[in-house]
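Here are the chains, one letter per residue:
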Amino acid sequence: MTLSLLARRDEVGLTDGMLLIDGKWRGATSGETWTHLHPATGEAIGDIAVAGPSDVDEAVQAARRAFDDGRWSNTRAGVRVKALHRYGDLLRDHADELRGLQALDNGVPLSFGPVYATSVGAAADAFDHHAGWIDKLGGQTLTPYQGGDHLAMTFREPIGVVAAILPWNGPFLLYAQKLAPALAAGCTVVLKPSEYATFCVLRMVELLAEAGIPDGVVNVVTGPGDPTGEALMTHPLVDKVSFTGSRGVGKRIVAASADTLKRVSLELGGKSPTLVFPDAPDIGLAAMTTMGTVTMGLSGQACVAHTRALVHRDVYDQFLGAAEMMAGAITYGDPFEASTLASPLINTKQLDHVMGLIARGKEQGARVVCGGERVEGDLAAGNFVRPTIFADVDNTMDIARQEVFGPVLAVIPFEHEDEAVAIANDTEYGLGAGLYTADARRAFRLARRLRAGTVGINGFQVEPHLPFGGFKQSGLGREGGQSAFEAYTELKTVLMPLTEELM
Ligand code: NAD
């Protein structure tokens, strides 16, 4: 029977997406809307308002006023700490509802809910973590070069108005990894969710008022990159752009920020390698985990998916066998059914991109172990692609160099450690890397040599208190932990003579 998700809209309480400006929800001034087609069925699920330049201007002006009058940044630290903890608890209380909305947004199945990094729980933990920094935001008192008759000290001040632009694939944690440090630092925010994951983000935003965050501190503009994102990231009153998304848009943001020298944080794509040595504690588990990162839940539409498996020749066949078993276990279908393990590709453009790269892999001589085609039959209306393994991949092939963002694993054989490191680092990206070995010295030796922001030894995890971000073209700056929090502040130096004489 052909899948339909229209009945789910009422069950999870989906309403059309609106803008939030200074505490008031409304449509776009132009009345323009964008219709979200569900990736599993192609059905029209709901409309969102398309904020044009004048709407974006109103939202930025509201955030500016809220910043300048100090309604958030000047409240007592204890008030802000409690508000962020309360908000974390509210997210936990609404986790089921939020997961349902996400399933209607990006098609991520409810079965993926317990996977920590993309869960509502991780988002809630990010608010708890950053709340903890609020009363620890400090500077230094420094010894003056010119004698002890003046004081020199530093303060960390909130950076101002933040434009936070989100992707569609991990809306819970990625929302929290921007909003929590921005609010903890005392900034105000204009948030732009992805047009492909707006409904769950708007529900999270609604809960901010319940937690006691004042009107105007967080404003939301909905709509696609053009016109909404463009108007936001070029607005002269925005002090910082914090962006997670594709490398191309990231480069555009860096170029556009030059005009007013905005501060920029970027979390971009990846082509992350996993290195599997013959002494790995469990080759089968290494293969299933690696294949899992490109199939389970998001179908490989994850920035840190380990999409290049570099496997020692001694365990190459064993690895391929276990990875293929994992591919065979993946099920597609209704994201609300517990039996559904993975999602469709987000839209037909992404489907074409993935099928194009699969075709290139075949043309360039990689061996298809499994998959390589779309899912037909009852699911033909959705953007489903069978889990795909390419073996005997050469690192110069397009499937080894470009971000596929689909359920495709490229397996590359190696013989020596140095060769594996060279292949792993031969990429324009540098987001994540993994390695499987029982040799602790090798593990640390390689963890230092791999040019990536996060390296997992015999496993991989993303947590809100750990710095996360990319080397090379995978980004600028880090989310999570102290460095992320500090990236929402400016460092100010204050001097004061202790004598009547001028210095
Ligand atoms: P995308 O770049 O297409 O869109 C991201 C956001 O930018 C959306 O809100 C979109 O509307 C907006 N946007 C698009 N064009 C814009 C423009 N010209 N100006 C301003 N905003 C614009 O990316 P996506 O498809 O939503 O996400 C997938 C990408 O995100 C992948 O490359 C993935 O690797 C990356 N990603 C990175 C991380 C990380 O932490 N490093 C996490 C998740 C996703």
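Here goes a summary of the coordinates provided. Only a predicted model underlies this, so the values are computations on that prediction, with no experimental measurement involved. (Residues numbered from 1 in each chain as written. Predicted model: local features only at pLDDT ≥ 70, side-chain atom pairs only at ≥ 80, totals over all residues. Heavy atoms only, no water.)

**What to know about the site of the ligand**
Quick reminder of the rule: One heavy atom within 4 Å of a molecule or strand makes the whole residue count as near it. Pairing of N or O atoms within 3.5 Å defines a polar contact, subject to two protein rules: one partner must be a possible hydrogen donor and the other a possible acceptor, and residues neighboring in sequence count only if both atoms are side-chain atoms. Residue-level accessible areas treat just the shown protein chains as cover; the underlying method is Shrake-Rupley with a 1.4 Å probe.
Near the ligand lie 28 residues; those nearest to it are L166, E195, S246, L268 and E403. In this structure, G225 approaches the ligand through a main-chain N or O atom, which is 3.3 Å from an oxygen atom. Within the side chain of E267, an N or O atom sits 3.4 Å from a nitrogen atom of the ligand. In isolation the ligand has 840 Å² of accessible area, and contact with the protein removes 88% of it.

**Focus on the packing of aromatic side chains**
This is how the line gets drawn: Pairing of aromatic side chains here covers Phe, Tyr and the six-membered ring of Trp, requires ring centres within 6.5 Å, and sorts the geometry by plane angle: under 30 degrees stacked, over 60 edge-to-face, intermediate tilted. Strands here are runs of E lasting at least two residues and helices are runs of H or I lasting at least four, both read from the DSSP assignment and numbered beginning at the N terminus. Residue exposure (1.4 Å probe, protein chains only): buried if accessible area is under 20% of the type maximum, exposed if over 50%, otherwise partly exposed. Think of it as a cone above the ring: NZ of Lys or CZ of Arg counts as a charge over the ring if it is within 6 Å of the ring centre and within 35 degrees of the ring normal.
Summed over all chains, the structure comprises seven aromatic pairs. Each ring, one from Y87 and one from F127, has its centre 4.8 Å from the other, and the planes form 80°; the classification is edge-to-face. Remark: F127 occurs in helix α5 (residues 120-134) and Y87 occurs in helix α3 (residues 77-93); sequence separation between them is 40 residues. You'll find Y87 and F127 in the same group, each marked buried. The ring centre of Y488 lies 4.4 Å from the NZ or CZ of K240, which sits over that ring.

**Describing the sheet that holds strand β6 (residues 150-158)**
Either a parallel or an antiparallel arrangement is found when strands of a sheet pair, and the pairing is made through backbone hydrogen bonds. Operational definition: For two strands to count as paired, DSSP must find a minimum of two bridges between them.
Read from one edge of the open sheet, three strands run β5-β6-β20, paired in antiparallel fashion. The strands lining the two open edges of the sheet, one partner per strand, are β5 (141-142) and β20 (489-497). Relative to β20, β6 runs antiparallel, the two being bridged by nine bridges. When the bridges of β20 are listed, T154 appears paired with T493.

**Some words on the layout of surface pockets**
For clarity, the threshold we go by: Note on definitions: the grid is 1 Å and covers protein atoms alone; a cavity is a set of points where a 1.4 Å probe fits but cannot get out; a pocket is an open set with protein on both sides within 12 Å along at least five of seven lines; lining residues have an atom within 4 Å of a point. Grid points are joined across faces, edges and corners, and a volume is the space filled by probe spheres set on the points. Three classes are used: nonpolar for Ala, Val, Leu, Ile, Met, Phe, Trp, Tyr, Cys and Pro, charged for Asp, Glu, Lys and Arg, and polar for all others, with Gly counted as polar.
What the largest pocket holds in volume is close to 1,100 Å³. Those elements that provide at least two residues to the lining of the largest pocket are α8 (225-233), β10 (240-244), α9 (247-257) and α12 (348-363). When grouped by side-chain class, the residues that make up the lining of the largest pocket number 16 nonpolar, 12 polar and 10 charged. In this model, the second largest pocket occupies a volume close to 710 Å³. For the second largest pocket, the lining is made up of 30 residues, of which A117, T118, A302, V304 and V462 are closest to its centre. Of the residues contributing to the lining of the second largest pocket, the split by class is 16 nonpolar, 12 polar and two charged.

**Concerning the side chain of T437**
Test applied: Contact definition: two residues touch when any of their heavy atoms are within 4.5 Å.
As for its position among the elements, T437 is in the loop between β17 (432-436) and α15 (440-449). Among the polar contacts listed, one links the side chain of T437 to the side chain of R442, at a separation of 3.4 Å. Residue contacts for T437: discarding those within four places in its chain leaves F277, D279, A280, P281, R442, A443 and N458.

**A word on α9**
This is how the line gets drawn: Think of the arc as the fan of directions from the helix axis to the C-beta atoms.
Of all the positions in α9, only G250, I253, A256 and S257 are classed as buried. Buried positions in α9, seen along its axis, are confined to an arc of 130° and lie on one side of it. Along α9, exposed side chains directed more than 90 degrees from the buried face belong to G248 and A255.

**Examining the packing of α3 against helix α6 (residues 171-185)**
Definition in use: Between the N-to-C directions of two axes lies an angle of 0 to 180 degrees, each axis being a line fitted to C-alpha atoms and, for a helix, fitted only over the stretch in contact. Between 65 and 115 degrees an angle is taken as roughly perpendicular, under 35 as roughly parallel, over 145 as roughly antiparallel, and anywhere else as oblique. Take the far helix as your reference; a near helix turned counterclockwise from it by less than a right angle gives a left-handed crossing, and one turned clockwise gives a right-handed crossing.
At a minimum axis separation of 10 Å, α3 and α6 run at an interaxial angle of 165°. The orientation of α3 relative to α6 falls into the category roughly antiparallel. Crossing handedness for the pair α3 and α6: right-handed. Residues R80, L84 and Y87 of α3 pack against Y175, A180, L183 and A184 of α6. In terms of residue class, the contact of α3 with α6 is built from six nonpolar, no polar and one charged.

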